[in-house]
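# Survey of secondary and tertiary structure
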Amino acid sequence: MRIDVITLFPDLIEACAGAGVVGRARERGLLEVRTWNPRDFATDNHRTVDDRPFGGGPGMVMMVGPLRDALERVRAAGGPARTIYLSPQGARLTQAKVAQLARGPRLVLLCGRYEGVDERLLAEAVDEEVSIGDYVLSGGELAAAVLIDAIGRLQEGALSDAQSAQQDSFSDGLLDCPHYTRPVRDAWGEVPAVLLSGDHAAIRRWRRKQALGRTWLRRPDLLARVELDAESRRLLDEFRREYVTARDQAEAGKDRTG
Ligand code: 9D3
């Protein structure tokens, strides 16, 4: 898959998309990422890409001209592509959207700076606006980097077999279970005995129960959207009962000492 990024800060994109799983995917030719700087498409001596907003007010707006010329060059270099503007006004990014976009074959990401881009560009040249969440960034680059990372790791062959298998068992809309490694005993606690038991069925049930329980505690919104089979409902009931019991005992302990 190929991703072209139009940005005033190509170094930011390169820094994020050059490391780890995504960097390796690019080295293996599974993912191609190219950056284009609108400043290279400015027409005046100062290479101006922004101007003051009509109607007044603070901040600057990215001009249509340099962005349009950059987009036209990008499209000429590889045919038509879905164009996404990273924007606080966009639809919130989800894993389902990531999976859809990762099917490719091509994507153009437009990063805004200042107060954003001239609305005419959005109307004429942008297919979709995407936000990564309800907080204020200083531009679209980190959001584009998030999208590239999430898409890159889904490219066929980007993850090791182990990572892919891991992903399969948790692509079910639940939070992950806790993880432990050596040593078994440490000043900060012990590894749960079941994980040392060698009983693979019991380990699988424990992990499922923890994943369900943590999702119930931390992300009830996610839990409300998954269909649980009979075993999962039973494991979650167990988790809830144990959680309530442990909480009641902790409360009783406090009453005795305090
Ligand atoms: C403080 C400036 N705001 C004026 C009231 C509007 C504003 C303009 C530009 C807020 C943020 C930005 C820059 N943000 C992005 O380009 C951006 C973004 C984000 O800020 N949050 C979450 N997702 C995204 S995607 C692009």
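Residues numbered from 1 in each chain as written. Predicted model: local features only at pLDDT ≥ 70, side-chain atom pairs only at ≥ 80, totals over all residues. Heavy atoms only, no water.

### Focus: the packing of helix H4 (residues 95-102) against helix H6 (residues 141-152)
Filter applied, for reference: As a rule, the C-alpha atoms of each element are fitted with a line to give its axis, helices using only the stretch in contact, and angles between N-to-C directions run from 0 to 180 degrees. Put simply, DSSP H or I for four residues or longer makes a helix, DSSP E for two residues or longer makes a strand, and each gets a number counted from the N terminus. Roughly parallel refers to an angle under 35 degrees, roughly antiparallel to one over 145, roughly perpendicular to one between 65 and 115, and oblique to any angle outside these ranges. Should any heavy atoms of two residues lie within 4.5 Å, those residues are considered in contact.
The contact between H4 and H6 brings their axes to 9 Å, and the two run at 70°. In terms of orientation, H4 and H6 fall into the roughly perpendicular class. Each of Val98, Leu101 and Ala102 in H4 lies in contact with H6, whose residues at this interface are Leu147, Ala150 and Ile151.

### Focus: the packing of aromatic side chains
Quick note on the threshold: Centres within 6.5 Å are what make two rings of Phe, Tyr or Trp a pair, Trp counting through its six-membered ring; a difference in plane orientation under 30 degrees is then read as stacked, over 60 as edge-to-face, and the rest as tilted. Note on exposure labels: buried denotes an accessible area under 20% of the residue type's maximum, exposed denotes more than 50%, and partly exposed covers the range between, all computed with a 1.4 Å probe on protein chains only.
For the structure on display, the rule yields three aromatic pairs. Note on tryptophan 216 and tyrosine 243: the rings are 5.6 Å apart at their centroids and 90° apart in plane angle, and the pair reads as edge-to-face. One end of the pair, tryptophan 216, is in helix H8 (residues 200-218); the other, tyrosine 243, is in helix H10 (residues 230-257), and 27 residues separate them in sequence. Judged by its relative accessible area of 23%, tryptophan 216 is partly exposed. When the centroid spacing of 6.5 Å and the interplanar angle of 10° are considered together, the rings of phenylalanine 239 and tyrosine 243 count as stacked.

### Details of the sheet that holds strand E1 (residues 2-6)
The condition that has to hold: One bridge is not enough; two strands pair if DSSP finds at least two bridges between them.
Strand order in the open sheet formed by five strands is E2-E1-E6-E5-E7, and the pairing between neighbours is parallel. Edge positions in the sheet fall to strand E2 (32-36) and strand E7 (128-131), since each has one partner strand and no second. Going from strand to strand, the sheet's axes swing by 35° on average, the running direction of each strand aside. One ladder, built from five bridges, connects E1 with strand E6 (residues 106-111); its direction is parallel. For isoleucine 6, the partnering residue across the bridge sits in E6 and is leucine 110. Against the sheet, helix H1 (residues 10-17) contacts E1 and E2, and its axis sits at roughly 165° relative to E2.

### Quick word on the domain arrangement of the protein chain
What counts here: Each domain span listed reflects an automatic or database assignment of domains.
Parsing the protein chain into structural domains produces domain 1 (2-152) and domain 2 (185-257). Using only C-alpha atoms to locate each centre, domain 1 and domain 2 end up separated by 42 Å.

### Overview of the pairing of strand E5 (residues 82-92)
Our working definition: Seen with its strands pointing away from the viewer, a crossover is right-handed if its path from the first strand over the helix to the second goes clockwise.
Sheet analysis places E5 next to E6, joined by five bridges and oriented parallel. Bridge pairing links arginine 82 to leucine 107 in E6. In the classification by handedness, the crossover that spans E5, the intervening H4 and the parallel E6 is right-handed. Sheet topology places E5 next to E7; five bridges connect them, and they run parallel. Counted as the bridge partner of alanine 91 is valine 130 from E7.

### Details of the pattern of salt bridges
Should their charged atoms come close, side chains of opposite charge can pair. The cut-off we apply is this: Just to be clear on terms, a salt bridge is a Lys or Arg side-chain nitrogen sitting within 4 Å of an Asp or Glu carboxyl oxygen.
For the structure on display, the rule yields 18 salt bridges. Note that arginine 208 and aspartate 172 form a salt bridge whose closest N and O atoms lie 2.8 Å from each other. Placement of the pair is arginine 208 in helix H8 and aspartate 172 in the loop between helix H7 (161-170) and strand E8 (185-186), with a sequence separation of 36 residues. The class for arginine 208 is partly exposed, based on a relative accessible area of 22%.

### So, a nonpolar patch on the surface
Which entries qualify depends on this criterion: Nonpolar side chains (Val, Leu, Ile, Met, Phe, Trp, Tyr) are joined into patches within 5 Å and like charges within 9 Å, using only residues with over 30% relative accessible area and no salt bridge. Accessible surface is estimated by sampling points in the Shrake-Rupley manner with a 1.4 Å probe; for residues, cover comes only from the protein chains shown.
Together, Phe9, Leu12, Tyr135, Leu137 and Leu142 give the surface a local cluster of nonpolar side chains, amounting to about 440 Å² of exposed area. In this fold, tyrosine 135 is placed in the loop between E7 and H6.

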